[in-house]
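Structural features, examined
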Amino acid sequence: MVRLDDILDKVSAYNPSADLEIIRRAYVFSAKVHEGQTRRSGEPYLSHPMEVAEILTHFKMDAPVIATGFLHDTVEDTHATIKEIKDLFGEEVSTLVDGLTKLARINFDRREDREAENFRKMILAMAKDIRVIVIKLADRLHNMRTLDAMPVEKRGSIARETLDIYAPLANRLGIGWLKTELEDLSLKYIDPEKYAWLGGLLEEKKADKEQYIKKVKDTIKGKLEEYGVEGEVSGRLKNIHSIYAKMKERDLEFDDINDILAFRIIVEDLNQCYLAMGMVHSIWKPVPGRFKDYIAIPKPNFYQAIHTTVVGPYGERMEVQIKTRDMHMVAEYGIAAHWKYKEGKPVVDKKRDSSFAWIRQLLEWQRDLKDSDEFLDTLKVDFFPEEVFLFTPEGDMKVLPVGATPVDFAYSIHTDIGHRCIGVKVNGKRGWLGERLHNGDVVEVLTDEGHAPSRDWLKFVVTSRAKARIRQWIKGEERTESLKLGRNICEEGFMRYAVDFEATLKSGEIERVAIEDFSLEGVDSLFTQIGYGKISPLGFLKKLYPKRDFDAKETKKPSRFGKVFGKFKKKSSARSATAGTGIIVRGVEERMVRFAKCCGPLPGDKIVGLITPGEGLIIHLKQCKKLFDVNRERLVDIQWEKDIITSRPVNLEVTSKDEKGVLAAMCNVIKEADANIISLKIDSAIGNKAVCRFVVEVMNITHLKKITESLESIKDVLKVKRVADSVEVVGKEKP
Ligand code: MN
């Protein structure tokens, strides 16, 4: 088992002014809270955090990270709390431990292959600090190294997860040796027989190839010296997993894989890389199509090198990789390759700033690094600022844009789930349908049969899918309402011109004209179009009876309104009072009835409905200025429900002398009249006059009259006027 002193020595070697004290305290705390716990191998549990801390020294991590190595399992596996960690070790360490605790709580078991990329993204997104991932990888490496202690049936899934999730993460962070070791260890447990077999073959080859490797190395070295290039040459057999993957991918036998040998030339600068390549190609013939210049075009993880495959001394293929020392460091150590320490904190070696570009890219980070605090800030990043990773209660992952709400989530599962959602549980707790979801949230959508989407949802949903589905639903709903409204208006129009609607409908004439003259599908689409206000009943009648002179009859229209309406009233069964609005319109539901903002009608006022495309029926005062220019075909006669009890806001403008107490008197009078003041604004005070604007809730015009008269009776009040442009839409939508 590794000793604390070994770790401290290693840290001080690369970071002489490191805060060793925090590491010591973390060790003591970890030993205390893990006391009595053992690993499956029977060793004291403490051995695990110690090994993890030791692995982290290989990445030249800063003191808080090494301390976190000791503490990484304390919150998850002991009685220690995150608050305790924060009190004892400060904000930085507690944030790191918290990140690891959150990652530990996510279960990746039994994931499909296709989901692996999403999981890798989610880990990056949840970590919020690159150092959390580095610690997580060190943790996983030690667990993999000791996987033998786990029950056989658990080894496979842990190894699979390592291969699918963690090895690619190590690769993405550019930590070459870690990726290789995780891959080989995974294969050992996923396919033990193949692993042992390939391992054996490679061992044999190694013994076989020792002379060969020496010969190639010497040849290259000789050539380098000849040209005065200083460089290191090493030869090795490729790792087991990479050979296994190649055999699988290309469906090859072991003996057919002829480039299992890899040589590496490390030189000082970039020009020497190309020079060395030229030398190698002058000794051995390059294999066409196997030359890759990752210096000019780095890999996505910013790996840089020249790879070439040549035909070796005995006609055998061998791969040669050529890179600079910098490139090699980046390839092996990734993030930590160029950390330097100043006053115990990591900073980036300025001279090597260019080779550090890969991480800058990775982080979409464009600032210059000025000091160590800023550098630490750059490690805390939003890897995927645009995506949030969520789960269904069954464990299926959904990736949605940041800001997504439970409604977006519901629609991402199924349109019907979206339409019918009435509530949500986020991580087991009841939540609001419009709240923002966070990475890792488990979202359970509660639905109710027969529940319908709300227009309000459009205010908070962020996915285009949810938006489109909600709009589609509303549109469909409006179409239904427009159909009802249109049929009603059509019938009324027919009656106005003394045409028997029912008989004409039965005769099929309406349908014929709708199809032939209006290119519509049938009567329903005709009514819908009339409901939207796109076709007028008169326009239709003129097509239906081209020879009749409808315009001559128009003079009779005003007197017909009443009659028509009278008839409506008798057919009370066909009439629906629109609950809440106090308006009677046959066959029209509340959804389609709204009050005009311009004139704000009150019960008792003479009113008229204006068919407004896409909005339904807007109720105006009969004398409203807005109706002056409107085609009368769009007007529908309506009336208030009898004895309705409602309250509607109305705007009152009161001009008074600017005297003390007058405002109080006004408010008092309104209160006495049992009316509610919604708002009050002193509009202007000119000279000794004041103009107050009240928004008052009143029941009807009688009520309003009473209030107006009471206000006028106040001594200093000069004028009371009901004014327009104050009333909001009242026709409520169904939730
Ligand atoms: Mn652990």
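Going by the structure above, here's the rest.
All values derive from a computational prediction rather than experimental measurement.

Before going further, it helps to examine the coordination of the manganese ion. Taken together, the protein ligands of the manganese ion are His48 (NE2), His72 (NE2), Asp73 (OD) and Asp139 (OD), with distances of 2.2 to 2.3 Å. In primary-sequence terms, the residues that donate to the manganese ion follow H-x23-H-D-x65-D. Taken as a pair, His72 in the loop between helix H4 (63-71) and helix H5 (74-77) and Asp139 in helix H8 (residues 130-145) lie far apart in primary sequence, 67 residues in all. Each member of the pair, His72 as well as Asp139, carries the same accessibility label: buried.

Looking now at the layout of surface pockets. Rolled over the atoms, a probe as big as a water molecule pinpoints where empty space is left. When its volume is computed, the largest pocket comes out at roughly 1,100 Å³. Lys179, Asn239, Ser242, Lys299 and His307 are, among the 35 residues lining the largest pocket, the residues nearest its centre. If you tally residues by element for the lining of the largest pocket, the top one is helix H12 (residues 240-250), at 6 residues. What lines the second largest pocket is a set of 32 residues, among which Asp139, Arg140, Asn143, Met150 and Ile158 lie closest to the centre. The set of elements that each furnish at least two residues to the lining of the second largest pocket consists of H5, helix H6 (82-104), H8 and helix H9 (152-172). Ranked by residue count, the leading element in the lining of the second largest pocket is H9, at 6 residues. Grouping the constituent residues of the lining of the second largest pocket by class yields 11 nonpolar, 9 polar and 12 charged.

Turning next to a negative patch on the surface. Residues Asp251, Glu253, Asp255 and Asp256 make up a contiguous surface patch of negative charge. Mapped onto the elements of the fold, Asp256 is located in the loop between H12 and strand E2 (261-267).

Right, let's talk about the side chain of Arg290 for a bit. Looking at the element boundaries, Arg290 is found in the loop between strand E3 (285-286) and strand E4 (292-293). By relative accessible area, Arg290 is classed as buried at 17%. Not counting residues up to four positions away in its chain, the partners in contact with Arg290 are Asp259, His307, Thr308, Thr309, Arg317 and Glu319.

The next thing to look at is unusual backbone geometry. Most peptide bonds adopt trans geometry, and most residues besides glycine take a negative phi value. A positive phi angle, near 55°, is found at Lys60, a position not held by glycine. The residue Lys60 is located in the loop between helix H3 (47-58) and H4 in this model. A positive phi is found at Asp674, a non-glycine position, where the angle reads about 60°.

About the criteria used
Residues numbered from 1 in each chain as written. Predicted model: local features only at pLDDT ≥ 70, side-chain atom pairs only at ≥ 80, totals over all residues. Heavy atoms only, no water. Donors = N, O, S within 2.8 Å, 3.2 Å for Na, K, Ca; no water. Helix = DSSP H or I, 4+ residues; strand = E, 2+ residues; numbered from the N terminus. Buried < 20%, exposed > 50% of the residue type's maximum accessible area, 1.4 Å probe, protein only. 1 Å grid on protein atoms, 1.4 Å probe; cavity = no way out; pocket = protein on both sides within 12 Å on 5 of 7 lines; lining within 4 Å. Points joined across faces, edges and corners; volume = space filled by probe spheres on them. Nonpolar A, V, L, I, M, F, W, Y, C, P; charged D, E, K, R; others polar. Patch = residues over 30% accessible without salt bridge, like charges linked within 9 Å, V, L, I, M, F, W, Y side chains within 5 Å. Areas by Shrake-Rupley, 256 points an atom, 1.4 Å probe, with all protein chains shown as cover. Salt bridge = Lys/Arg side-chain N within 4 Å of Asp/Glu carboxyl O. Lys, Arg positive; Asp, Glu negative; His and termini not counted. Charge placed at Lys NZ, Arg CZ, Asp CG, Glu CD. Contact = heavy atoms within 4.5 Å.

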